[in-house]
Amino acid sequence: MKKKSMLFLTLLTIIVTFCTGLNAEERWQPETGWAKGIKIRFFVGGAAGDKFASIVLRGAQQAEKDLGCKVEYVFSAWAVEKMTGQFREAVAAKPDGIAMMGHAGDAANMAIAKDAESKGIKLMWQNVDVPQIREKIGGGYIGVLDQKTQGKSLSKEAIRTLNITKDSTILVLGAWGEPGRYHRENGCAVEFENQGYKVTKMKALPEWSADPSLAVPAISGAVLSDPTIKLIVFSGNQLLGAAPIYMKALNMKPGKIKCIGFDTSPDVINAFEKKYVQLTSDQQPFLQGYLPILSLCATIKYQLAPMVVDTGAGFVNKDNFKNVKTLANLGIR
């Protein structure tokens, strides 16, 4: 009987040891700063102070603080060639991971991404997807997954809620001619055209994002040359937030020309309050800063698969903009 009891205790000890382990060093424990020692280069996209890029930057800085990793921030002023050159420099520096804006597209980034892979550098992409690179090399993506559909949905919502007559012309600002950068604006334009509206496209220059007032002559000239323009689609929160500036330059009262676009910011919320802006499609840029760093750290330390997250959050309009006002003024939305 005694031998049976000893055998039982021995077996019980083996089972407990197997299930829980006896060596505390082999068991994972929650910890703060768990990504300490990991080095990342993060591409913010715009210039320092850019309204959209500033929200992305705050998300990335919060991730850096939460996780304990070391992040070097890269500003590109939305200039595709500059961004590509900086990507090449980042790979040459051999950080543990790179969180890269995909604006230059698959073709321009492919060789550099392959070089990063050969050096063991983990990649994440944000804001603009590079599906061919992710298919061939790997890596995750944080941003709107289907930008064409996002643009199409914005047009549909504008038609449904803003009472735009069919004799109206729609002015659509976008990065026309730059591969991978105008999918959502083109989605807008195509949907308006399919619904019987005349569409005029205007090239939005990268420098307008840093100083939206530079767009005043171009926008004023387009509207004055075509009085049938009754709605303008702005290509980002930098320009959408400057809608009051453009309308005042044209001596237009709020709402005379409907102003819609993408993303939120304190300036966009202010424009809603003054009734110069009626609708925007939010893509939550704070997450486009936070999640790429979180994903890279989890992949580098724990070998977890990279994240793919659609940050499209629906519409902010004249009826619900107050719900995000506080967070927008904090620079988070």
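Everything numeric here is computed off the predicted structure, so don't read it as measured data. (Residues numbered from 1 in each chain as written. Predicted model: local features only at pLDDT ≥ 70, side-chain atom pairs only at ≥ 80, totals over all residues. Heavy atoms only, no water.)

A. Region of interest: the overall build of the protein chain. From N to C terminus, the protein chain includes 14 helices and 12 strands. Projected onto the principal axes, the alpha-carbon positions of the protein chain cover approximately 100 × 45 × 35 Å. Here the protein chain holds 333 residues, and 50% of them are scored as buried. A separation threshold of at least 6 residues defines the contact pool for the protein chain, and within that pool the share at least 24 residues apart is 74%. When the accessible surface of the protein chain is split by element, carbon and sulfur atoms take 55% of a total near 16100 Å². Each charge class in the protein chain can be summarised by its mean position, and for the 41 positive and 31 negative side chains these summaries are 4 Å apart. (Helix = DSSP H or I, 4+ residues; strand = E, 2+ residues; numbered from the N terminus. Buried < 20%, exposed > 50% of the residue type's maximum accessible area, 1.4 Å probe, protein only. Contact = heavy atoms within 4.5 Å. Areas by Shrake-Rupley, 256 points an atom, 1.4 Å probe, with all protein chains shown as cover. Lys, Arg positive; Asp, Glu negative; His and termini not counted. Charge placed at Lys NZ, Arg CZ, Asp CG, Glu CD.)

B. Region of interest: helix α9 (residues 216-225). Those residues of α9 not exposed but buried are V216, I219, S220, A222 and V223. Mapping the buried residues of α9 onto a view down its axis gives an arc of 160°, with all of them on the same face. Away from its buried face by more than 90 degrees, α9 exposes P217, L224 and S225. Those residues of α9 hidden inside the fold are in contact with β6 (169-174), β7 (198-203), β8 (229-233) and α11 (243-249). (Arc of directions from axis to C-beta.)

C. Representation of the pairing of strand β3 (residues 97-101). Of all 5 residues in β3, 5 are buried, a share of seventy percent or more. Burial along β3 is two-sided: G97, A99 and M101 and I98 and M100, pointing in opposite directions, are all buried. Both strand β1 (residues 39-43) and β3 contribute to a ladder of 3 bridges, which runs parallel. Across the sheet, residue F42 finds its bridge partner in β3, namely A99. Pairing of β3 with strand β4 (residues 122-126) involves 5 bridges; the strand directions are parallel. Counterpart to M100 in the pairing with β4 is W125. Viewed along the sheet, the connection from β3 through helix α4 (residues 105-118) into β4 turns out right-handed. (Pairing = 2+ DSSP bridges. Right-handed = clockwise from strand over helix to strand, strands pointing away.)

D. Main features of the sheet that holds β3. With parallel pairing, the 6 strands of this open sheet are ordered in space as β2-β1-β3-β4-β5-β11. Among the strands making up the open sheet, the edge pair consists of β2 (70-74) and β11 (308-310). Along the sheet, successive strands turn relative to each other by an average axial angle of 20°, direction set aside. Against the sheet, helix α3 (residues 80-93) engages β1, β2, β3 and β4, with an angle of about 180° to β1. (Axes fitted to C-alpha atoms, helices over the stretch in contact; angles between N-to-C directions.)

E. Broad picture of the pattern of salt bridges. Throughout the structure, instances matching the rule amount to 12 salt bridges. A salt bridge links E157 to R160; the nearest nitrogen and oxygen atoms lie 2.9 Å apart. Of the two residues, E157 and R160 both sit in helix α6 (residues 147-161), 3 residues apart, roughly one turn of that helix. Here E157 falls in the buried class, since its relative accessible area comes to 13%. For R160, a relative accessible area of 61% puts it in the exposed group. (Salt bridge = Lys/Arg side-chain N within 4 Å of Asp/Glu carboxyl O.)

F. Quick look at the environment of I112. Within the secondary structure layout, I112 lies in helix α4. Relative accessible area serves as the criterion here: at 6%, I112 is assigned to the buried category. Considering only alpha carbons, one finds I112 and M100, 12 residues apart in sequence, at a separation of 11 Å.

G. Inspection of the state of the cysteines at higher detail. Inspection of every chain in the model, using the stated rule, returns 0 disulfides. You can see C69 has no disulfide; the closest cysteine sulfur is in C297, sitting 3.8 Å from it. Cysteine C188 is unpaired, with the sulfur of C259 as its nearest cysteine sulfur at 14 Å. (Disulfide = S-S within 2.5 Å.)

H. Here's a closer look at the packing of aromatic side chains. Taken as a whole, this structure holds 9 aromatic pairs when the rule is applied. Both rings, one in F42 and one in Y73, keep their centres 6.2 Å apart while their planes meet at 65°; by these two values the pair is edge-to-face. Here F42 is found in strand β1, whereas its partner Y73 is found in strand β2, with 31 residues between them in sequence. The class of F42 is buried, set by a relative accessible area of 0%. A network of ring pairs unites the aromatic residues F43, F87 and W125 as a single cluster. One Lys or Arg, K166, reaches over the ring of Y197 and ends 5.7 Å from the middle of that ring. When the ring centre of W176 is taken as origin, the NZ or CZ atom of K201, which lies over that ring, is 4.6 Å away. (Phe/Tyr/Trp six-rings, centres within 6.5 Å; stacked < 30°, edge-to-face > 60°. Lys NZ or Arg CZ within 6 Å of the ring centre and 35° of its normal.)

I. The arrangement of the sheet that holds β7 in detail. A sheet is described by the order of its strands in space; here 6 strands give the open sequence β7-β6-β8-β9-β10-β12, paired in mixed fashion. Only two strands of the sheet have a single partner each, and these edge strands are β7 and β12 (315-317). Neighbouring strand axes in the sheet, compared pairwise and without regard to direction, differ in orientation by 20° on average. Bridge count between β6 and β7: 6 bridges; the pairing is parallel. Note on β7: the bridge partner recorded for I170 is V199.

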